[in-house]
Structure formats: structure tokens, C-alpha cells
Amino acid sequence: FTSDQVTVVFVLGGPGAGKGTQCNRLVEDYKFIHLSAGDLLRAEQNREGSQYGSLINHYITEGLIVPQEITITLLKNNIEENYKKGNTKFLVDGFPRKMDQAITFEEIIVPSKFVLFFDCPEDVMLERLMERGKTSGRADDNIESIKKRFKTFEDTSMPVINMFESQNKVIKIKCDQSVEEVYADVQKNIKGRL
Ligand code: UP5
Ligand code: MG
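Because the structure is predicted, anything quoted here is derived from the model rather than measured.

**Q** Looking at this structure, I do not really get the sheet that holds strand β4 (residues 114-119). What am I missing?
**A** Where strands meet in a sheet, backbone hydrogen bonds hold them as pairs that are either parallel or antiparallel. Spatially, β2-β3-β1-β4-β5 is the arrangement adopted by the five strands of the open sheet, whose pairing is parallel. The outermost strands of the open sheet, each flanked by one partner alone, are β2 (33-36) and β5 (170-174). Put simply, the sheet's adjacent strands are angled 20° from each other on average, direction ignored. With respect to the sheet, helix α2 (residues 37-46) is in contact with β2 and β3 (89-93), its orientation differing from that of β2 by roughly 65°.

What follows is the structure, encoded as C-alpha cells:
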């Protein structure tokens, strides 16, 4: 794809920052397809006949990044299928969260247009995830996994955000406010950039 054909916005931020919540709002108001890398991995994990089920389960429970080949293939297939149906605008949520993924995706699929970075203090994210964990059924919404996810985010994913920052591609949004307030900030900041 060229960046004239396909628009990709990366949606990044710590675990529980509100990426998925804000993407859902953006899908309602703009013609975006929402691709959550985590959701795609969980679906692949549960797909009958998948050879990666137990591998994905292990990485997610340990808060580690699944090898990029798997995630990028899932994203690429989805973008291609959607493009055939005439969809050209994609929110890629929770990806790239490791440097190799960022480089490979932009090389073999398309460069991102910009990055939405949901910046949220850890104590706020922890509270949200523990609350969600009561009903989410997610294997990683427990205190042990959450601590590992936070560490991976700091050590492995923040450098990716800093790299995009140095390219002036990052729109940083403060997330410790209501969903409505965060979304108002998002709309204000993406105006004119799509
Ligand atoms: N909530 C949201 N916004 C709120 C607000 N403003 N005020 C109050 N409450 C708010 O929100 C989390 C919770 O907070 C919800 O209950 C929500 O109602 C509330 P959500 O929108 O779900 O936050 P999100 O940032 O999407 O959190 P998520 O848990 O999905 O983030 P993660 O990045 O941890 O999860 P993801 O699914 O992206 O990845 C999971 C795992 O998959 C990773 O840890 C990793 O192991 C693996 N993975 C890879 O290996 N490679 C990838 O490329 C991607 C994932
Ligand atoms: Mg999410």
C-alpha cells in the first residue's frame, strides 16, 4: 500500500489507558476500521486449529510481546481484506509495542500517518484494570500479569513512542479524566490531520 491508498493511525498507551474505549468512539464518528492487536491475538488464540494458541496464551499471561511475525500477519490480512471491501482508514490499537514491529510494519505494510498516545498514570491504569478484571475474563487482568504488562510497557513500548515522538508524529492525550473529556481532546487534536 501507499499512504495515499491507506491511512493508518497507531493508538498507543499503557495497559488500561483507554485505547479501546477511545477507538470505539472514533469508529462511531469517523469511517475507521478498528484493529486491536490484542483482540486479534486473543481471537487467533481461540481459533480452532490455530498452531499458536498456547504460545499466545503464554505471552499474554506473562505480559510479553508475541513474536512480531504472528501479529503482523494478522494485521496485514485484516487490512488487505478490508481494503478489498473499500475500507481505507485504520486505527491500529495497541501496536507497535516493540521497535522491531514498528519498523517491519511501516516497511512492509504502510507508514503510519500519526500516533495517538494515551498517557495515563500507573495507579489510574491499575485501578481500571482491576475493576475490569472482575468481569472481563481476560487472562491478564490480575495483579501479577498487570505488573508484568506495566514493566514491558516501560521497558519495551515507551522507546517506540519516543522514536515516533522524535519524528514529530505523536499526539499526546492526557487520560486521567472522563471518557468524554479524553474524547473531546482527541477530536480537537486530530482535526485537520486526517
Ligand atoms: N476506562 C477507559 N477509559 C476510561 C476513562 N477515561 N475513565 C474511566 N474509566 C475508563 O479501558 C480499560 C478500562 O478502563 C475499561 O474498563 C474502561 O471502561 C475503563 P480500555 O479502553 O479497555 O483500555 P486499553 O488501553 O484498551 O486497555 P487494554 O487492557 O486493552 O490494554 P493492553 O495494551 O494491555 O492490552 P492489549 O489487548 O492491547 O494487549 C494485551 C496483550 O497482548 C499484551 O500485553 C501482549 O502480551 C499482547 N500483544 C502483543 O504481544 N503484541 C501486540 O502487538 C499487541 C498485544
Ligand atoms: Mg484494549
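**Q** Is there a simple way to think about helix α1 (residues 19-29) in this case?
**A** Residues three or four positions apart in an α-helix share a direction because the helix packs 3.6 residues into each turn. Residues K19, Q22, C23 and L26 constitute the buried set of α1. One face of α1 carries all of its buried residues, which in axial projection span an arc of 105°. Buried-residue contacts for α1 involve β1 (7-13), β2, β3, β4 and α8 (179-190).

**Q** Where do I start with the pairing of β3 in this structure?
**A** On any regular strand, side chains alternate: one points to one face of the sheet, the next to the other face. With four of five residues buried, β3 is to be regarded as a mostly interior element. Pairing of β1 with β3, which is carried by five bridges, proceeds in the parallel orientation. Bridge assignment links F10 to a residue of β3, and that residue is V92. Inspection of the sheet shows β2 paired to β3 by four bridges, in the parallel sense. Along β3, the bridge assignment pairs S36 with D93.

Each value, and the rule that gives it
- Residues numbered from 1 in each chain as written.
- Chains lettered and ligands numbered in written order.
- Predicted model: local features only at pLDDT ≥ 70, side-chain atom pairs only at ≥ 80, totals over all residues.
- Pairing = 2+ DSSP bridges.
- Helix = DSSP H or I, 4+ residues; strand = E, 2+ residues; numbered from the N terminus.
- Axes fitted to C-alpha atoms, helices over the stretch in contact; angles between N-to-C directions.
- Contact = placed C-beta atoms within 7 Å.
- Buried ≥ 20, exposed ≤ 12 C-beta atoms within 10 Å, placed from the backbone.
- Arc of directions from axis to C-beta.

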